[in-house]
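Each chain is listed here by its residues.
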Amino acid sequence: MTRLSSYFLPTVKEPPAEAEAISHVLMTRAGLVRQLGAGMWTFLPAGWRVHRRVERIIREEMDALGGQEMLMPVLQPEELWVRTGRSEIPELFRLRDRNDRPLVLAMTHEEAVTYHDSR
């Protein structure tokens with residue numbers, strides 16, 4: 001077990017000026033996370049450890065209920081989003097692969113689930 005005293009655990013006394021939520025203030029002050037930009041977070045070692053513990057508890061409970069876990073890609077073919085009518089969302093990040101096929105950086109996985117469910 002690693003001692004907390006040897007962790008990279010930068011704490012701050014003052015809440016971040018851009019903090020709107022109390023959770024943001026508390027997790028930043030505790031040295032669990034740091035915000036890189038809007039919606040972009042770095043989990044510091046103690047925060048990542050908490051994240052993994054919560055993940056483990058959820059996984060154990062899901063397994064006990066017979067749930068099944070899957071991992072889906074965040075980068076998805078734009079065609080899936082066109083089919084569901086959500087490809088015109090202005091905030092949707094678009095790019096092309098090396099074969100010039102359109103892709104999106106998916107905000108959710110509904111399109112991927114719908115694709116797999118229809119097969």
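Bear in mind that the values here come from a model prediction, so they are computed numbers and not experimental data.

### Examining the side chain of Glu 111
- With respect to the helices and strands, Glu 111 occurs in helix H4 (residues 110-117).
- In this view, Glu 111 contacts Gln 76, Leu 80, Trp 81, Thr 84 and Arg 86; residues no more than four positions away in its chain are not counted.

### Re the pairing of strand E4 (residues 93-96)
- Relative to strand E5 (residues 102-105), E4 is paired through 4 bridges, and the arrangement is antiparallel. Note that in E5 the partner of Arg 96 across the bridge is Pro 102.
- The turn joining E4 and E5, which pair antiparallel and follow one another in sequence, is formed by 5 residues; a positive phi near 65 degrees is taken by Asp 100.

### Some details on the confidence of the model for the protein
- The predicted model of the protein averages 88 in pLDDT, with 94% of residues at 70 or higher.
- Of all helices and strands in the protein, the one with the weakest mean pLDDT is H4 (86), whereas E5 scores best (96).

### A few points about a nonpolar patch on the surface
- On the surface, Val 50, Val 54, Ile 58 and Met 62 cluster together to form a nonpolar patch covering roughly 340 Å² of accessible area.
- Residue placement: Met 62 occurs in helix H2 (residues 45-64).
- Judged by relative accessible area, Met 62 falls into the partly exposed class, the value being 41%.

### Structural notes on the sheet that holds E4
- Pairing in this open sheet of 3 strands is antiparallel, and the strands run E3-E5-E4 from one edge to the other. On the outer flanks of this sheet lie strand E3 (75-77) and E4, each paired with one strand and no other. For this sheet the average axis-to-axis angle between neighbouring strands, irrespective of direction, equals 35 degrees.
- With 3 bridges connecting them, E3 and E5 associate as antiparallel partners. When the sheet's bridge partners are listed, Gln 76 is paired in E5 with Val 104.

### Here's the deal with H2
- Helix length check: H2, at 20 residues, gives a terminal C-alpha distance of 29 Å against a target of 28 Å (1.5 Å per residue), a fit within 8%.
- Positive backbone phi, approximately 85 degrees, marks Gly 66, located one or two places after H2.

### As for the nonpolar core
- Grouped together as the largest cluster of nonpolar side chains are 5 residues: Leu 80, Trp 81, Leu 92, Val 104 and Ala 106.
- Discounting chain neighbours no more than four positions away, the residues touching Ala 106 are Val 74, Gln 76 and Trp 81.

About the cut-offs
Numbering of residues starts from 1 in each chain and follows the order in which that chain's sequence is written. In keeping with the model being predicted, local features are shown solely for residues with a pLDDT of at least 70 and side-chain atom pairs are shown and tallied solely at 80 or more, while totals for entire chains, interfaces and linings include all residues. No hydrogens and no water enter the side-chain calculation; it runs on all heavy atoms of the structure. Only runs of H or I of at least four residues qualify as helices and only runs of E of at least two qualify as strands under DSSP, and these elements are numbered from the N terminus. A contact between two residues is defined here by any heavy atoms of the two lying within 4.5 Å. At least two bridges found by DSSP between two strands is the condition for calling them paired. Each residue carries a pLDDT value, the predictor's own confidence for that position, ranging from 0 to 100. Here the term patch refers to residues with relative accessible area over 30% and no salt bridge, with like charges joined within 9 Å and nonpolar side chains (Val, Leu, Ile, Met, Phe, Trp, Tyr) within 5 Å. Computed by Shrake-Rupley with a 1.4 Å probe, the accessible areas treat only the displayed protein chains as cover when residues are assessed. Counted as salt bridges are all cases of a side-chain nitrogen of Lys or Arg within 4 Å of a carboxyl oxygen of Asp or Glu. Remark: exposure states derive from per-residue accessible area (1.4 Å probe, protein chains only) relative to the maximum for the residue type, with buried under 20%, exposed over 50%, and partly exposed in between. Helix axes are fitted only over the stretch in contact, all axes being lines through C-alpha atoms; the angle between N-to-C directions runs from 0 to 180 degrees. Here the expected length of a helix is defined as 1.5 Å per residue gap, with one fewer gap than residues. The set of buried Ala, Val, Leu, Ile, Met, Phe, Trp, Tyr and Cys residues whose side-chain atoms join them within 4.5 Å is what this entry labels a nonpolar core.

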